[in-house]
Amino acid sequence: MSTRIESVATKHSTVSWGPFAHGALALSDRAARTCLERGGQHASDLDLLVNAGLYKEHSMAEPALASIIQEDIGANTGRLLHDEHRHERGEHGTFSFDVMNGGCGVLTALQLVDAFVGAGTAGLGLVVAGDADPSPSTSRGFPFGAVGGAILLGHHDDGDGSREGFTRFELRTFPEHAKLFEVRLEWDAEANRNIVVVDEAPSFASQAVSCAAEVTKAFLAREKLTGEDIDLFLTSQYPLSFAKETARAIGIPLDRIPIVAPELTRAHTAGPIAALESAFESGLFARARRTLFVTAGAGITVGVALYEQDPPPDIDV
Amino acid sequence: MTLPFSSRPWMLIEPRAKGSGAVEDPYRASIESIGVKLPERRVTSQELMASTRHHTNIDLERLTGIREHRVCSAGEDSLSLAIDAAKDCLRRSRHAPSDIEMIIDASITRYAGGPTTYRFEPPLSMSIKEAIGAPNAMSFDLSNACAGMMTGVFLLNDFIRRGVIRCGMVVSGELISGLGTTAAHDIRYIFSRQLASLTLGDAGAAVIVERAPDQRAGITLAGFTTLSEHSRLCLGAPSPHSPGARMFTKARTIHKVAIADTPPLLDDLLLETGLRLRDIDWLIPHQTSARAIRAGERELVGRFGEGPKNIVVNVEERGNTASTTHFLALRRYLDEGRFKAGERIMLLSLASGLEIGVVLFTVDEDLIRLAPDMTPRRSAPIAPNVPQRAGE
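Reading guide: rules and limits
Residues numbered from 1 in each chain as written. Chains lettered and ligands numbered in written order. Predicted model: local features only at pLDDT ≥ 70, side-chain atom pairs only at ≥ 80, totals over all residues. Heavy atoms only, no water. Pairing = 2+ DSSP bridges. Helix = DSSP H or I, 4+ residues; strand = E, 2+ residues; numbered from the N terminus. Axes fitted to C-alpha atoms, helices over the stretch in contact; angles between N-to-C directions. Salt bridge = Lys/Arg side-chain N within 4 Å of Asp/Glu carboxyl O. Buried < 20%, exposed > 50% of the residue type's maximum accessible area, 1.4 Å probe, protein only. Core = buried A, V, L, I, M, F, W, Y, C linked by side-chain atoms within 4.5 Å. Contact = heavy atoms within 4.5 Å. Buried area = accessible area lost by both parts, 1.4 Å probe. Polar contact = N/O pair within 3.5 Å; in protein donor to acceptor, adjacent residues only side chain to side chain. Nonpolar A, V, L, I, M, F, W, Y, C, P; charged D, E, K, R; others polar. Parallel < 35°, antiparallel > 145°, perpendicular 65-115°, else oblique. Left-handed = near helix turned anticlockwise from the far one by under 90°. Phe/Tyr/Trp six-rings, centres within 6.5 Å; stacked < 30°, edge-to-face > 60°. Lys NZ or Arg CZ within 6 Å of the ring centre and 35° of its normal. Expected span 1.5 Å × (residues − 1).

**Focus on the sheet that holds strand β6 (residues 117-121) of chain B**
In step 1: Pairing is antiparallel across the open sheet formed by three strands, whose spatial order is β8(A)-β7(A)-β6(B). The outermost strands of the open sheet, each flanked by one partner alone, are β8 (193-200) of chain A together with β6 of chain B. Pairs of neighbouring strands in the sheet enclose a mean axial angle of 25 degrees, with direction left out of account.
In step 2: Bridge count between strand β7 (residues 181-188) of chain A and β6(B): four bridges; the pairing is antiparallel. Each residue of the ladder has a partner; that of A:V183, found in β6(B), is B:E121.

Here is the structure:
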């Protein structure tokens, strides 16, 4: 039994504010719908929906944005709960909630969805992540682009005990570097409003690479793998050049990194989804036997996940 | 990918009944310790209503059954409440901090560094694990309105059942009384959408979930669903032009749909477990107001022809403390010696989303016996790494 990636999608907004800008919710909704369409699934098939996006309209604290996305895409919103024939027709609900783990939110959400989908408790799960500056006219130092993404995960039971899908996750923090990247909403009495403030130290990018390399090297050693064994390397898009620098530090050949479209390179939580979509489109993902996800974010938090496919495809990248 | 469930419950639940197609988990999870932190400062409903800008004529105490709630003082915020609750939880536990393998923070309010500094990154859970001395635990924050802590327990139950971890903690700190301050400024009439904000109190809570020593006690079933057609009935966000936050709730509608939609979900769960409602010794619903809880009780009895033996109401001195309410009620009833080993407790979440969740568990002797001021020892003996099958 395993969890497999069925499809992936991203959406972005080319303008950051004004009437034609798309907020995090709209981008997440659109990415979720496209992802389901690409996976050939209907929203009503979803058992689980986890949103990992952080920066959204009005910095809304409740409800979980996932519940609003669930309603917008029409995933078992509850209208059939009182239908007396729902049991015979196999109607079921969807459970939605948000994970807030910065740049590692998507990997955390993938781990949580994998827990339920891999064991067969859930049949189909969707991870969504979207961010957009909540107030572009007043935010200070907000570095992320308006990007939303979604990954569809399905349960598979091959019955042969083969090792496929997500095979291992790891999440580690380095609190000694907590001050290097901080985002908060704080009251500015002079401006008479709450303002999003981003404090990023110049050393954050290099330290994120260093922490990610340390965790990933140990991860690969435990799996008895080297950088050369990794066919596809998917990472956070922020900090910029994180993918290449980390690959160099680990010893993963640079041609294992997909080229991400320029408009997606400032994606925050959706960063690894942008990389995955590029690998889907170029065929790299289909040919990769071992895909390694490495993400980093404030904390410094590092997430690593290994995704394996069998039988071994022809690795001719 | 659609699982071949012939008769699926509406909720996502764990464990599924045998023959459902889901993997049978080798272990069972158990609630081992509960800690709380209440700020010292008390504000009565009368005092809060005396502070309103407009003359409202609302008798809040009569309407809600809330006499007073706690409010943070200078130096206290969401993070400090969460840390203090986590430490209290460990003091009452057999576990040392190093036993905790996963820490989930579920605070709706994310004030860290003062009541006007709302932190997005780094996650609060990272600061909490540092403060309690569990630096190697996997950690993340989740957000699921007032169902946050229950969602965390739902997730830990899964990770423990599958044997991925043996011991985890869910923690939350809610500095949420500021919504009441904003509401007191804005509110004019009883039908105001900010009325529910006046019921909120500050608190921290933490719960340790561990691998159960045997199959008799522990979590029998945990389930959740999101009835998202009601997702926009309660919206909370920082105020654009004043420190703090605001929440707008269609209180009557959310109350009506929660009362209407809970019975069919409970029907599914009772069918799955082979229990009847009267087999539940204590039902602890989300603590919004005494009147709402009693109305829910009447609906259940009307629908099922019977009710649980006891329904817990714990709002009089606490108010609605958001994601922490179930664990505040549990801690209080444990302190008062009201639970007996072997009794069945059902925690029922009803939260913005609309999230409806259930954690059904049997009271473990250890949970009752553990002294309130137990100092953490070296790593506690945890159930052996031998899979247990149902019936063993």
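**A look at the pattern of salt bridges**
Between side chains of opposite charge, pairing is possible as soon as their charged atoms come close.
All names here are of chain A.
In step 1: Under the defined criterion, the tally for this structure stands at 43 salt bridges over all chains.
In step 2: Put simply, R248 and E245 hold a salt bridge, and the shortest N to O gap is 3.3 Å. One end of the pair, R248, and the other, E245, are both in helix α6 (residues 242-250), three residues apart, so they sit about a helical turn from each other.
In step 3: On the accessibility criterion, E245 (36% relative accessible area) is partly exposed.
In step 4: Several salt bridges share partner residues, and in doing so they unite K179, E182, R184, E186 and D199 into one network.

**Brief notes about the nonpolar core**
In step 1: Ranked by size, the top nonpolar core spans 174 residues in total, and within it A:L292 and B:F327 carry the most contacts.
In step 2: When sequence neighbours within four positions are dropped, the list of residues in contact with A:L292 reads A:T216, A:F219, A:L220, A:I230, A:L232, A:F233, A:L234, A:I252, A:V304, A:A305 and A:L306.
In step 3: Core analysis: the next-biggest nonpolar cluster, separate from the first, contains 21 residues, A:L25, A:A66, A:I69 and A:A150 among them.

**Some words on the interface of chain B and chain A**
Buried accessible area, meaning the area lost when the parts come together, often serves as the stated size of an interface.
In step 1: Taken together, the contact between chain B and chain A spans 71 residues of the former and 78 residues of the latter.
In step 2: Around 6,400 Å² of area is buried between chain B and chain A when both sides are counted, 60% of it from carbon and sulfur atoms.
In step 3: If you look at where chain B meets chain A, you find five salt bridges.
In step 4: Taken together, the connections running from chain B to chain A amount to 34 residue pairs in polar contact (both at pLDDT 80 or more).
In step 5: Elements represented by at least two residues in the side of chain B that touches chain A include exactly β1 (12-14), β6, α4 (124-132), β7 (138-143), α5 (148-161), β10 (218-226), β11 (234-238) and α7 (251-273) of chain B.
In step 6: Of the residues contributing to the side of chain B that touches chain A, the split by class is 35 nonpolar, 21 polar and 15 charged.

**Some words on the packing of helix α3 (residues 78-91) of chain B against α4(B)**
Residue and element names in this part refer to chain B.
In step 1: Following both chains from N to C, one finds α3 and α4 inclined at 45 degrees, their axes separated by 10 Å at the closest point. Between α3 and α4, the angle is such that the two are oblique. Considering the relative orientation of α3 and α4, their crossing is right-handed. For the pair formed by α3 and α4, the contact residues are L79, A82, I83, A86, K87 and L90 on the first element and L124, S127, I128, A131 and I132 on the second.
In step 2: Taken together, the residues of the contact of α3 with α4 sort by class into nine nonpolar, one polar and one charged.

**Digging into the packing of aromatic side chains**
Remark: the centre distance and the inter-plane angle together describe each pair of aromatic rings, the angle taken between the planes.
In step 1: This model, assessed by the stated rule, comprises 23 aromatic pairs over all chains.
In step 2: Pairing A:F166 with A:F169 gives two aromatic rings, centres 5.1 Å apart and planes at 25 degrees, and the pair type is stacked.
In step 3: Relative accessible area serves as the criterion here: at 8%, A:F166 is assigned to the buried category.
In step 4: Cluster of aromatic residues (ring-pair linked, three or more members): A:Y55, A:F142, A:F144, A:F181, A:F204, A:Y238, B:Y111, B:Y118 and B:F120.
In step 5: When the ring centre of B:Y27 is taken as reference, the NZ or CZ atom of B:R211 above it lies at 3.7 Å.
In step 6: Here B:R338 stacks its cationic end above the ring of B:Y333, 4.1 Å away from the centre of that ring.

**Focus on the sheet that holds strand β9 (residues 232-235) of chain A**
Residue and element names in this part refer to chain A.
In step 1: With mixed pairing, the four strands of this open sheet are ordered in space as β6-β11-β10-β9. The open sheet has two free edges, formed respectively by β6 (165-173) and β9, since each of these has just one partner strand. For this sheet the average axis-to-axis angle between neighbouring strands, irrespective of direction, equals 15 degrees.
In step 2: Pairing geometry for β6 and strand β11 (residues 301-308), over eight bridges, is antiparallel.

**Quick look at the pairing of strand β2 (residues 48-51) of chain A**
Successive residues of a regular strand alternate their side chains across the two faces of the sheet.
Residues and elements named next belong to chain A.
In step 1: Of the two faces of β2, the one holding L48 and V50 and the one holding L49 and N51 are both buried throughout.
In step 2: Of the pairings in the sheet, the one linking β2 to strand β3 (residues 95-100) comprises four bridges and is parallel in character. Looking at β3, one finds that V50 is bridged to F97.
In step 3: Pairing geometry for β2 and strand β4 (residues 124-131), over four bridges, is parallel. Residue pairing across strands places N51 opposite V128, the latter belonging to β4.

**Re unusual backbone geometry**
In terms of backbone geometry, most residues other than glycine have negative phi values and most peptide bonds are trans.
Residues and elements named next belong to chain A.
In step 1: Cis rather than trans, the peptide bond between E62 and P63 has omega equal to 5 degrees.
In step 2: Along the chain, the position of P63 falls in the loop between β2 and α2 (65-73).
In step 3: The residue after Y238, namely P239, is reached through a cis peptide bond having omega 5 degrees.
In step 4: The residue P239 is located in the loop between β9 and α6 in this model.
In step 5: For H58, which is not a glycine, the phi torsion comes out positive at approximately 60 degrees.
In step 6: Tracing the sequence through the fold places H58 in the loop between β2 and α2.
In step 7: What makes H58 exposed here is its relative accessible area of 65%.
In step 8: Phi at S241 is positive, roughly 70 degrees, even though this residue is not glycine.
In step 9: Mapped onto the elements, S241 comes out in the loop between β9 and α6.

**Observations regarding α2(A)**
Residue and element names in this part refer to chain A.
In step 1: Among the nine residues that make up α2, seven are buried, leaving the element largely enclosed by the rest of the structure.
In step 2: Among the residues of α2, those classed as buried are L65, A66, S67, I68, I69, Q70 and I73.
In step 3: One or two positions beyond α2, positive phi appears at G74, with a value near 75 degrees.

**A short note on helix α5 (residues 204-222) of chain A**
Residue and element names in this part refer to chain A.
In step 1: Under the 1.5 Å per step criterion, the end-to-end length of α5 is 27 Å for 19 residues, consistent within 8% with the ideal 27 Å.
In step 2: What α5 keeps buried is the set F204, A208, V209, C211, A212, A213, V215, T216, F219 and L220.
In step 3: Residues of α5 that are buried make contact with β6, β7, β8, α6, β10 (290-297) and β11.

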